[in-house]
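Listed below, chain by chain, are the residues.
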Amino acid sequence: MIEIKGLSKTFQTADGKVEALSDINLTIEDGDIYGIIGMSGAGKSTLVRCINMLERPTEGTVIIDGTDMTKLSAKQLREKRRSITMIFQQFNLLMQRNCLKNICFPMELEGVKKSEAKKRAKELLEIVGLPDKALSYPAQLSGGQQQRIAIARALATNPKVLLCDEATSALDPNTTHSILELIRDINKKLGITVVVITHQMSVVEDICRSVAILDQGKVVEQGRVSDIFANPQSHAAKKLVFPSGGESVILKKEGERRMRIVFNGSSTASTPLIAQMAAEHGIYANILGASTRSINEQAFGNMLISIKDENSNFDKAMAYLQAQDGIIVEEVTDNGQ
């Protein structure tokens, strides 16, 4: 288990102090795939570097499997980091070494015999699906293949925790999906706890079970991914979950009220819900924006609609939609809240 308690990090710059993180409190259960998401500058990378003490917190503690990382000596910290490995956006492979030797490198640093390291490296190449690339050099590989080698290298020391700092940001969508599938498979087979740092909600949706949302160095929301996707509470979460919600794209007309409909496994995927509301109740809505998808005949996503506020139509529409299964409805004000 990873427990982060009251963690803050302040940097001293030429212009004064900058508070990158403020009073972070998180608990990451063993075997979880935990997402930490936020816009650029939210403090995500600083937080992940504090987890493995590449950055020392100004205040607070990081406890991993009962060990307070902030109290370890340099030697103890080096030993502990063997069980906490990291992969990055830019892969950070040694270009002068072939793939097999890249994977062997951390084992060499631990004094593992060459024969044993080579055997383990070949096993890891099988796990990441690149057994034929042992003698290839990083420059000969695609970005996705390089990240697979980086993952294999990260697994070489049999870690308990894998930290992924924007690990798919440099990859195309198809390659991103395959890397996330690999990480999910590794988590399932090896039981490794995975912490995913990203600015992409699609990554969290694809792989994570739990998520914390950072905004300006603070955790503004945390919980199960399904719960946050279904009903985000903070402004930062809404911006991430509903990037094309349309609140600020189309100017609101006088006498108009807006609502957001969140589909969280609704069985109405094949039903023209807005048209049905108009036909049954004479309530007409203008669809301002929508991002929905159907999975196994269930609807996921969100829709922004506007309704003329006359004859209590807005309240009637709210009541009608709230009565549907798998749907959450909320009014959207001028500031997008």
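Higher on the page you've got the structure.
Residues numbered from 1 in each chain as written. Predicted model: local features only at pLDDT ≥ 70, side-chain atom pairs only at ≥ 80, totals over all residues. Heavy atoms only, no water.

Caption draft 1: Highlighting the sheet that holds strand β2 (residues 16–28). Taken in spatial order, the 4 strands line up as β2-β1-β4-β5 in an open sheet, and their pairing is antiparallel. Here the strands that pair on one side only, and so sit at the sheet edges, are β2 and β5 (67–68). When strand β4 (residues 59–64) meets β5, the two strands line up antiparallel, connected through 2 bridges. Bridge pairing in β5 links Ile63 to Asp68. Contacting β1 (2–13), β2 and β4, helix α1 (residues 44–51) runs over the sheet at an angle of about 120° to β1. (Pairing = 2+ DSSP bridges. Helix = DSSP H or I, 4+ residues; strand = E, 2+ residues; numbered from the N terminus. Contact = heavy atoms within 4.5 Å. Axes fitted to C-alpha atoms, helices over the stretch in contact; angles between N-to-C directions.)

Caption draft 2: Up close: the packing of aromatic side chains. Enumeration according to the criterion identifies 0 aromatic pairs in this entry. The side chain of Lys9 reaches across the aromatic face of Phe11, ending 5.0 Å from its centre. (Phe/Tyr/Trp six-rings, centres within 6.5 Å; stacked < 30°, edge-to-face > 60°. Lys NZ or Arg CZ within 6 Å of the ring centre and 35° of its normal.)

Caption draft 3: Looking closely at the sheet that holds strand β6 (residues 84–88). One open sheet accounts for 6 strands, arranged β6-β7-β8-β3-β9-β10; its pairing is mixed. Edge positions in the sheet fall to β6 and β10 (218–224), since each of these pairs with one other strand and no more. Between one strand axis and the next, the sheet turns through 15° on average, direction left out of account. As paired elements, strand β3 (residues 33–37) and strand β9 (residues 210–215) share 4 bridges and run parallel to each other. Each bridged residue has a counterpart across the sheet, and for Ile36 the counterpart in β9 is Ala212.

Caption draft 4: Examining the pattern of salt bridges more closely. Taken as a whole, this structure holds 14 salt bridges when the rule is applied. Here Asp206 and Arg184 are joined by a salt bridge, their closest N and O atoms 3.7 Å apart. In this pair, Asp206 sits in helix α7 (residues 201–207) while Arg184 sits in helix α6 (residues 173–190), placing the two residues 22 residues apart along the sequence. Overall, the relative accessible area of 25% leaves Arg184 in the partly exposed class. For Asp309, the salt bridge goes to Arg257, with nearest N and O atoms at 3.5 Å. Of this pair, Asp309 sits in the loop between β13 (298–308) and α11 (313–322) while Arg257 sits in strand β11 (residues 256–266); the two residues are 52 residues apart in sequence, bridging distant segments of the chain. (Salt bridge = Lys/Arg side-chain N within 4 Å of Asp/Glu carboxyl O. Buried < 20%, exposed > 50% of the residue type's maximum accessible area, 1.4 Å probe, protein only.)

Caption draft 5: Looking closely at the pairing of β4. The pairing of β1 with β4 spans 5 bridges and is classified as antiparallel. Bridge pairing links Ile2 to Ile64 in β4. The turn joining β4 and β5, which pair antiparallel and follow one another in sequence, is formed by 2 residues; a positive phi near 50° is taken by Asp65.

Caption draft 6: Highlighting the packing of helix α10 (residues 273–281) against α11. Two numbers describe how α10 lies on α11: the axes approach to 11 Å, and their chain directions differ by 120°. By the angle between their directions, the pair α10 and α11 is classed as oblique. Like other packed secondary-structure pairs, α10 and α11 cross with a definite hand, here right-handed. On α11, the residues that touch Leu273, Gln276, Met277, Glu280 and His281 of α10 are Ala317, Tyr320 and Leu321. Taken together, the residues of the contact of α10 with α11 break down into 5 nonpolar, 2 polar and 1 charged. (Parallel < 35°, antiparallel > 145°, perpendicular 65-115°, else oblique. Left-handed = near helix turned anticlockwise from the far one by under 90°. Nonpolar A, V, L, I, M, F, W, Y, C, P; charged D, E, K, R; others polar.)

Caption draft 7: Here's a closer look at the packing of helix α3 (residues 99–109) against helix α5 (residues 143–155). At a minimum axis separation of 7 Å, α3 and α5 run at an interaxial angle of 30°. What the angle tells us is that α3 and α5 run roughly parallel. Read as a crossing pair, α3 and α5 show a hand that is right-handed. Contact residues: α3 offers Cys99, Asn102, Ile103 and Pro106, while α5 offers Ile149, Ala152 and Arg153. A class-by-class count of the residues in the contact of α3 with α5 yields 5 nonpolar, 1 polar and 1 charged.

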